[in-house]
Amino acid sequence: MKYLSFILLLIFISCKTENKSTKPVCNKPPYAIVIHGGAGAISKKRITPKKSKQYKAVLNAALDKGESILKSGGSSMDAVCATIEILENSHLFNAGKGAVFTHDGTHELDASIMDGSNMQAGAVGGVSVVKNPIYAARKVMTNSAHVLLTGNGADEFAIKEGLGTVPNDYFDTKRRKKSLKKAIRKELEAHQETGYVYPWPEFKYGTVGCVALDNQGNIAAGTSTGGMTNKRYNRLGDSPIIGAGTYANNNTCGVSCTGHGEYFIRYAVAHDMSAQLEYTDKSLAEAAQNIIHTKLENAGGKGGIISIDKCGNVVMDYNTKGMFRGYRKPNESDVKIFENE
Ligand code: ASP
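No experiment lies behind these values; they were computed from the predicted model shown.

Novice: Sorry, what's going on with the side chain of aspartate 272 here?
Specialist: Locating aspartate 272 in the fold gives a position in helix H8 (residues 269-279). Classification of aspartate 272 by relative accessible area gives buried; the value is 14%. Not counting the four nearest positions on each side in its chain, aspartate 272 is found in contact with Tyr267, Ile291 and Lys295.

Novice: Can you help me understand the nonpolar core in this one?
Specialist: Most often, soluble globular proteins have nonpolar side chains that are buried together. Judged by nonpolar contacts, the single largest core of 49 residues is most densely connected at Phe93, Ile113 and Phe324. Counting residues per element, the ones that place at least two in this core are strand S1 (32-40), helix H2 (49-71), helix H3 (76-88), strand S2 (109-115), strand S3 (120-127), helix H4 (133-143), helix H5 (151-160) and strand S5 (208-213). Phenylalanine 93 has contacts with Gly37, Tyr55, Val58, Leu59, Leu87, Gly98, Ala99, Arg176, Gly206, Val208 and Phe324, leaving out every residue within four places of it along the chain. Core analysis: the next-biggest nonpolar cluster, separate from the first, contains 33 residues, Ala39, Ala121, Cys253 and Phe264 among them.

Novice: Could you clarify how one ought to interpret empty space enclosed by the protein in this entry?
Specialist: Where empty space is left becomes clear once a probe the size of a water molecule has been rolled over the atoms. Counting across every chain of the model gives one cavity of 30 Å³ or more. A volume near 90 Å³ is recorded for the largest cavity. Surrounding the largest cavity, 15 residues form its lining, Thr207, Thr225, Asp238, Ser239 and Gly259 being those nearest its centre. Of all the elements, strand S8 (residues 253-259) adds the most residues to the lining of the largest cavity, at three residues. When grouped by side-chain class, the residues that make up the lining of the largest cavity number three nonpolar, nine polar and three charged.

Novice: What am I meant to see in a positive patch on the surface here?
Specialist: Judged by side-chain charge, Arg46, Lys51, Arg175 and Lys178 come together as a positively charged surface patch. Taking the relative accessible area as the measure of exposure, arginine 46 reaches 45% and is therefore partly exposed.

Novice: Looking at this model, I keep getting lost on the pairing of S5. Mind explaining?
Specialist: For a regular strand, the rule is simple: side chains alternate between the two faces of the sheet. Burial analysis of S5 places six of its six residues in the buried class, the great majority of the element. Of the two faces of S5, both are covered, the one formed by Val208, Cys210 and Ala212 as well as the one formed by Gly209, Val211 and Leu213. Inspection of the sheet shows S1 paired to S5 by five bridges, in the antiparallel sense. The partner of histidine 36 across the bridge, within S5, is glycine 209. As paired strands, S5 and strand S6 (residues 219-225) are joined by six bridges and run antiparallel to one another.

Rules and cut-offs
Residues numbered from 1 in each chain as written. Predicted model: local features only at pLDDT ≥ 70, side-chain atom pairs only at ≥ 80, totals over all residues. Heavy atoms only, no water. Helix = DSSP H or I, 4+ residues; strand = E, 2+ residues; numbered from the N terminus. Buried < 20%, exposed > 50% of the residue type's maximum accessible area, 1.4 Å probe, protein only. Contact = heavy atoms within 4.5 Å. Core = buried A, V, L, I, M, F, W, Y, C linked by side-chain atoms within 4.5 Å. 1 Å grid on protein atoms, 1.4 Å probe; cavity = no way out; pocket = protein on both sides within 12 Å on 5 of 7 lines; lining within 4 Å. Points joined across faces, edges and corners; volume = space filled by probe spheres on them. Nonpolar A, V, L, I, M, F, W, Y, C, P; charged D, E, K, R; others polar. Patch = residues over 30% accessible without salt bridge, like charges linked within 9 Å, V, L, I, M, F, W, Y side chains within 5 Å. Areas by Shrake-Rupley, 256 points an atom, 1.4 Å probe, with all protein chains shown as cover. Salt bridge = Lys/Arg side-chain N within 4 Å of Asp/Glu carboxyl O. Lys, Arg positive; Asp, Glu negative; His and termini not counted. Charge placed at Lys NZ, Arg CZ, Asp CG, Glu CD. Pairing = 2+ DSSP bridges.

This is the structure we're talking about:
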């Protein structure tokens with residue numbers, strides 16, 4: 001009997017050892033950075049080779065900035081903010097300068113940021129005069145006792161903190177004005193004047209986000225957006241909601257999302273990624289597959305995510321036609337819009 005128990009114990013130990021050895025080895029690179037510039041019904045017809053070049057040039061410029069900070073030993077938090085600032089200052093993306101219009105023809109911007117080293121987070125919703133909302137989110141995190149400030153109060157706080165402001169029409173672009181007109185027309189045609197239904201699938205997203213891992217092993221994630229065209233009633237999407245549009249935890253991963261925000265809020269998508277890594281044996285890619293292609297897809301939720309785990313694995317996944325995206329690691333670089341280009 002004793003002999004049998006001993007054999008069983010040996011089998012048990014060897015199984016355990018085997019399980020351990022199948023887990024992926026953590027080869028953390030000195031740094032990693034990933035960005036998105038929105039996912040959606042991006043049509044190949046409209047993204048001409050010239051336009052594709054323009055988008056990719058800005059995505060690369062943003063990655064250059066973030067990578068240079070990380071390479072020189074800077075923090076993931078600084079890298080995320082500086083990278084997002086470049087995307088916010090570009091008229092091409094639905095964040096900062098290129099933000100979409102509300103139903104009333106104005107702009108209300110949302111942003112959030114999270115520091116995975118200490119689980120601190122900050123966010124702003126519906127700001128209208130802050131030039132770079134990502135820095136307002138950071139100030140909420142570092143200089144207030146709160147996580148989320150909204151509307152005029154958030155603007156007031158950002159001004160008090162000395163952040164740069166612009167008149168609301170600084171965010172105007174002809175292209176976004178056209179989209180608003182089209183959305184209102186569609187809404188009237190469909191008798192959906194309540195603003196609860198957006199003209200999906202023609203609607204195109206363009207939110208921006210960034211996740212970075214620095215040489216200290218600290219993960220930061222941030223997201224910035226103008227929200228959805230034709231929004232009203234001070235609607236907020238997932239982007240300023242920690243756990244929905246943005247999340248970071250040094251023990252698991254950092255995440256930034258883009259897509260139809262109402263779904264991302266209900267499915268707590270950014271936190272779901274982290275929870276899957278914390279509570280299951282799933283890899284980062286498997287976790288993304290599960291939330292984006294199974295849970296969201298089954299619910300009818302469209303969009304994408306970018307993520308980096310504590311080992312420096314990078315994921316850029318989406319269930320739409322395309323997603324503006326790119327990443328860098330030492331000796332690795334990629335920028336794409338569609339599946340292979
Ligand atoms: N998620 C954003 C929102 O719902 C939109 C986007 O990603 O483009 O406000």
